[in-house]
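Structural characterization, general
Below are the chains, spelled out letter by letter.
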Amino acid sequence: MKLDGVGIWSSPLRYGDTGEAAEAAAELDELGYTALWIPDVGGPVLDSVENLLGATQNAVVATGILNMWMHEPHDVAAAHARLTEQHGARFLLGLGISHAPLIDAQEAGRYKKPLATTKAFLDGLDDAPQPVPSDARVLAALGPKMLQLSADRTAGAHPYLVTPDHTKIARETLGDGPLLAPEQTAIIAADRDEARAVGTKWLTGYLAMPNYANNLRRLGFSEDDLTSVSDRLFDALIVWGDETAILKRIDEHRAAGADHVCVQVLQADHRGFPREQWRRLAAALG
């Protein structure tokens, strides 16, 4: 599976109305987006993958990510084999270890040894009756150990909530071969106030997750940047403005070593499908 170009990362494609999600996915495919990425914070994520695969002809459908604490590897491998047989090699299995506050909220103390747990899940995929090939899976990797594991055991890495500076570091860690597909959040807005109204609260929720906060500290952001959601941090993680600003940020990721950039377009209604913004971006991408 070769993945390049620009994709769309979207919660509504996962958690919105399934009929509208299928309709939107078909249009995104026609607009030329090369992949559709969906999250997993519980529920039947593989059903959503099947819905999007059935609605599209060319786009890769990728989990960004499938939460390893919420699934059994042999079940995932069986579903991957079935969906690949039905729809061709268009299902990219993105795997992630999630965050301690989310997992421990369901069962105190469950979240531990993230690297070892990830290795064990990959072992389970390899040992399944119908294994998931290493080139059909990626890891949501941020730090050096997980990035190295993604290079050793998967097609590459899908870092979320990152900057072009992180993309450069990730490429240096991965080396030249593995796939690097960072997520980039974007808001089409006339000014900072409009962008802040859409994105600040959304970003605050992610900054409470230790894995993201620790990664941003490694990139040189201060505690004050994190607690205040400073303009410096906001602008580094969320590109805002017109389509030209978004294209510039995509190009910065590519220059830093990204093979594929998946853009998450935010709007005031986070649960709605930003279809007009997706169309505008597609037209700008040409």
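None of the values given here were measured: they were computed from a predicted structure. (Residues numbered from 1 in each chain as written. Predicted model: local features only at pLDDT ≥ 70, side-chain atom pairs only at ≥ 80, totals over all residues. Heavy atoms only, no water.)

As for the environment of Leu285
- For Leu285, the position within the fold is in helix 14 (residues 275-285).
- In sequence terms Leu285 and Gly5 are 280 residues apart; their C-alpha atoms lie 9.5 Å from each other. (Helix = DSSP H or I, 4+ residues; strand = E, 2+ residues; numbered from the N terminus.)

A look at the packing of helix 8 (residues 164-174) against helix 13 (residues 243-256)
- The geometry of helix 8 relative to helix 13 is characterised by a closest axis approach of 8 Å and an angle of 20 degrees between their N-to-C directions. The angle between the axes of helix 8 and helix 13 places the two elements in the roughly parallel class. For the pair helix 8 and helix 13, the sense of crossing is right-handed. Listed contacts from helix 13 to Pro164, Thr167, Lys168 and Arg171 of helix 8 are Arg249, Glu252, His253 and Ala256.
- Of the residues assigned to the contact of helix 8 with helix 13, the class counts are two nonpolar, two polar and four charged. (Axes fitted to C-alpha atoms, helices over the stretch in contact; angles between N-to-C directions. Parallel < 35°, antiparallel > 145°, perpendicular 65-115°, else oblique. Left-handed = near helix turned anticlockwise from the far one by under 90°. Contact = heavy atoms within 4.5 Å. Nonpolar A, V, L, I, M, F, W, Y, C, P; charged D, E, K, R; others polar.)

Observations concerning the pattern of salt bridges
- One pass over the full model with this rule turns up 19 salt bridges.
- The shortest N-O distance in the salt bridge between Arg279 and Glu276 comes to 3.5 Å. Here Glu276 and Arg279 lie together in helix 14, a separation of three residues that amounts to about one turn.
- Looking at Arg279, the relative accessible area reads 33%, which means it is partly exposed.
- Since its relative accessible area comes to 45%, Glu276 is described here as partly exposed.
- Overlapping salt bridges bring together Glu23, Glu27, Arg275, Glu276 and Arg279 as one network. (Salt bridge = Lys/Arg side-chain N within 4 Å of Asp/Glu carboxyl O. Buried < 20%, exposed > 50% of the residue type's maximum accessible area, 1.4 Å probe, protein only.)

Observations regarding helix 13
- In a regular helix each residue adds 1.5 Å, so 14 residues correspond to 20 Å; helix 13 covers 20 Å between its end C-alpha atoms and thus fits that length.
- Considered for burial, the residues of helix 13 that qualify are Glu243, Ile246, Arg249, Ile250, His253 and Ala256. All buried residues of helix 13 lie within an arc of 150 degrees about the axis, which places them on one face of the element. Among the exposed residues of helix 13, those pointing more than 90 degrees away from its buried face are Thr244, Lys248 and Ala255.
- Here helix 13 starts with a cap whose side-chain oxygen sits 3.1 Å from the backbone nitrogen of Thr244, and that cap is Asp242.
- Positioned one or two residues after helix 13, Gly257 has a phi angle of 125 degrees, which is positive. (Expected span 1.5 Å × (residues − 1). Arc of directions from axis to C-beta. Polar contact = N/O pair within 3.5 Å; in protein donor to acceptor, adjacent residues only side chain to side chain.)

Describing the layout of surface pockets
- Computed from the structure, the largest pocket encloses a volume of approximately 1,200 Å³.
- Residue lining of the largest pocket: 47 residues in total, with His99, Tyr160, Tyr206, Met209 and Tyr212 positioned closest to the centre.
- The set of elements that each furnish at least two residues to the lining of the largest pocket consists of helix 1 (12-15), helix 6 (114-127), helix 7 (144-153), helix 9 (192-207), helix 10 (210-218) and strand 11 (261-265).
- If you add up the space inside the second largest pocket, you get close to 190 Å³.
- For the lining of the second largest pocket, the class distribution of residues is six nonpolar, one polar and six charged. (1 Å grid on protein atoms, 1.4 Å probe; cavity = no way out; pocket = protein on both sides within 12 Å on 5 of 7 lines; lining within 4 Å. Points joined across faces, edges and corners; volume = space filled by probe spheres on them.)

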